[in-house]
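What follows is each chain in one-letter form.
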Amino acid sequence: MLEIVLDKSPISLPRRTSPIPIPIEICLRRRVQSRVPGLLASLLAGALGVAMLGGCSSLRPKPAVQYVYVTAKETFLRDRVAAVSNRTGTVDNGQRLEVLEHGRRFVRVKTEKGEQGWIDEKAVATQEVFDAFQALGQVHKGDPAVASAVVRDEVNLHLKPGRETEKFYRLAEGDKLQLLGRATLPKPMPGGVAPVKSAAAGKAATSAGAVGTDASAPPPIAMEDWWLGRDVHGRTGWLLSRMLDVDAPDTLTRYAEGQKIIGAYVLTTVHDDGAEGENKDIPIYLTVMGPYTAGLPYDFDQVRVFTWSLKMHRYETAFREKNMEGYLPIAMSKGKDPYGKSVVAQTPLPTFTYRVLAADAGPVVPDPVTGAVTPGRTIAKTYRLEGNLVRRVAPPGSHDEPEAHPVAEEKKDKGGKKK
């Protein structure tokens, strides 16, 4: 009976080989319902409805693939989120994982090898964090290194200074870094609260060691220093200063006299056949030092040049300047003395320049949010290494400008004696 009705129907529909556009299907549906009565109309309407649903679902876009990146040194994937589970794979720091499913505090992921399993969301970073670290590396890609350092222990690189900031890359003990800049922030108090360092606190730090203190002044805020570092792979991030040591030989650090070496720079080398060890080419160092105190509004307070004694086969101090508020970077070059007329003055020799805070610059206060230390007016001081002597490069008749001092200097009488 159904076949007879179809043969006599005035409408003949071709077999459908591909999805029909929705507006045309609606129009055909209405025409069929108006001309084919009863059961046939219901059957055709249902078939067209199924076709419409199939056509709509084919137009839905597939969800974008999500990725996360491993922040732990090494961790495992597990087949279930439970106290007892099986390991399904091992992942390392920096590895990219495809997200399959989000759970409560855990993410189900798949590695490039096809291994699948659950991982704690605290052990991974999002795509946004990964992109932010990539951008940080690009911004500081061409920055010159102000010092070289060695990682003291395993440590994470942070996106910004601060213990609670996003972290990603993990460095191993002994990894070498180029230091690019310093920041200083208040140390978090118990409970994760970080006190804000005020301008008054900054002034107090600047005048540290000055005679006389205000008994009513609040106690100093504990601070901690952070360094922006870049490793040999170009990975860039912030890490705590106490987690690294400046790359300097033990034969040099023994002369630090209780201070911390902030930077050690090779000016030149001398050959000594009587020196211990296989390497007979001994480096001559320029060093900048500072106290073991975090939160200072300057980078160093002492400059010292160590030359090598061919007679005693040891380092000796050829130049020292103390009690200054100095700032990185140190400019290193090899040049002539433009103000000298001797043959030595016209010979290109190791030259270095450092900057100190001028006395009229005012106190320096680290930024309470970023931790950046930005000094006011500074004075550039240039020196040359001539043999074992260090000479100032300055125009004839020039006078030294007054400089800021972290410790108040005692006045002297006309005879040069301290009062």
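Please refer to the structure placed before this passage.
Computed from a predicted model, the values in this text were never measured in an experiment. (Residues numbered from 1 in each chain as written. Predicted model: local features only at pLDDT ≥ 70, side-chain atom pairs only at ≥ 80, totals over all residues. Heavy atoms only, no water.)

Draft legend 1. Structural detail: the overall build of the chain. The helix and strand tally for the chain stands at six helices and 21 strands. For the chain, the proportion of its 419 residues judged to be buried stands at 38%. Within the chain, counting contacts between residues at least 6 apart in sequence, those at least 24 apart form 60% of the total. As displayed, the chain has an accessible area near 25300 Å², and 54% of this comes from carbon and sulfur atoms. (Helix = DSSP H or I, 4+ residues; strand = E, 2+ residues; numbered from the N terminus. Buried < 20%, exposed > 50% of the residue type's maximum accessible area, 1.4 Å probe, protein only. Contact = heavy atoms within 4.5 Å. Areas by Shrake-Rupley, 256 points an atom, 1.4 Å probe, with all protein chains shown as cover.)

Draft legend 2. Layout of the sheet that holds strand E17 (residues 300-309). One open sheet holds the seven strands; their spatial order is E15-E16-E17-E18-E19-E20-E21, and the pairing between them is antiparallel. In the strand order of this sheet, the two ends are held by strand E15 (260-271) and strand E21 (389-392), each with one partner. When the angles between neighbouring strand axes are averaged without regard to direction, this sheet yields 35°. Bridge count between strand E18 (residues 314-335) and strand E19 (residues 349-357): seven bridges; the pairing is antiparallel. What sits directly across from Tyr327, in E19, is Arg355. (Pairing = 2+ DSSP bridges. Axes fitted to C-alpha atoms, helices over the stretch in contact; angles between N-to-C directions.)

Draft legend 3. View of the nonpolar core. Ranked by size, the top nonpolar core spans 62 residues in total, and within it Phe300, Leu328, Ile330, Phe352 and Tyr354 carry the most contacts. Aside from chain neighbours lying at most four places away, what touches Phe352 is Leu267, Leu286, Val305, Ile330, Ala331, Met332, Lys381, Thr382, Tyr383 and Val390. Among the nonpolar cores identified, the runner-up in size contains eleven residues, and Val68, Leu97, Val99 and Ala123 belong to it. (Core = buried A, V, L, I, M, F, W, Y, C linked by side-chain atoms within 4.5 Å.)

Draft legend 4. Molecular detail of the packing of aromatic side chains. Per the counting criterion, the structure on display carries 16 aromatic pairs. Between Tyr354 and Tyr383, the aromatic rings sit 6.0 Å apart at their centres with planes inclined by 5°, giving stacked as the arrangement. You can see Tyr354 sitting in strand E19 and its partner Tyr383 sitting in strand E20 (residues 378-386), a full 29 residues away along the chain. Neither residue differs from the other here; Tyr354 and Tyr383 are each classed as buried. Taking NZ or CZ as reference, Arg87 lies 3.7 Å from the ring centre of Phe76, over its face. The ring of Tyr67 has Arg96 lying over it, and the distance from NZ or CZ to the ring centre is 4.0 Å. (Phe/Tyr/Trp six-rings, centres within 6.5 Å; stacked < 30°, edge-to-face > 60°. Lys NZ or Arg CZ within 6 Å of the ring centre and 35° of its normal.)

Draft legend 5. Representation of the pattern of salt bridges. Here the structure, examined in full by the defined rule, presents 21 salt bridges. For Lys73, the salt bridge goes to Glu154, with nearest N and O atoms at 2.6 Å. With Lys73 in the loop between strand E1 (67-70) and strand E2 (74-78) and Glu154 in the loop between strand E8 (147-151) and strand E9 (155-158), the pair connects residues that are 81 residues apart, well separated along the chain. As a salt-bridge pair, Arg320 and Glu257 come within 3.2 Å of each other at their nearest N and O atoms. With Arg320 in strand E18 and Glu257 in the loop between helix H6 (250-253) and E15, the pair connects residues that are 63 residues apart, well separated along the chain. Each member of the salt-bridge network shares a partner with another, and the members are Lys73, Glu154 and Arg170. (Salt bridge = Lys/Arg side-chain N within 4 Å of Asp/Glu carboxyl O.)

Draft legend 6. Up close: helix H4 (residues 127-139). The end-to-end C-alpha distance of H4 is 18 Å, a good match for the 18 Å that 13 residues give at a rise of 1.5 Å each. Along H4, the residues classified as buried are Val129, Phe130, Phe133, Leu136 and Gly137. Seen end-on, H4 carries its buried residues on one side only, within an arc spanning 120°. Opposite the buried face of H4, by more than 90 degrees, sit the exposed residues Glu128, Gln138 and Val139. (Expected span 1.5 Å × (residues − 1). Arc of directions from axis to C-beta.)

Draft legend 7. Spotlight on the environment of Lys73. Judged by its relative accessible area of 52%, Lys73 falls in the exposed class. Measuring from C-alpha to C-alpha, the distance between Lys73 and Glu154 comes to 9.0 Å, with 81 residues separating the pair along the chain. Setting aside its immediate chain neighbours within four residues, Lys73 contacts Asp92, Asn93, Glu154 and Arg170.

Draft legend 8. Here's a closer look at the pairing of E17. Where burial is concerned, most of E17 is hidden: ten out of the ten residues are buried. Looking at chain direction, E17 and E18 are connected through nine bridges and run antiparallel. Looking at E18, one finds that Thr307 is bridged to Glu316. Joining the antiparallel neighbours E17 and E18 is a turn of four residues, in which His313 adopts a positive phi near 55°.

Draft legend 9. Spatial organisation of unusual backbone geometry. For the bond from Leu328 to Pro329, the omega torsion is 10°, close enough to zero to count as cis. On the secondary structure map, Pro329 appears in strand E18. Even without being glycine, Glu257 reaches a positive phi, approximately 55°. At His313, a position not held by glycine, the phi torsion is positive, near 55°. Structurally, the position occupied by His313 is in the loop between E17 and E18. When its relative accessible area of 35% is taken as the criterion, His313 is described as partly exposed.

That is the geometry; function is a separate question.
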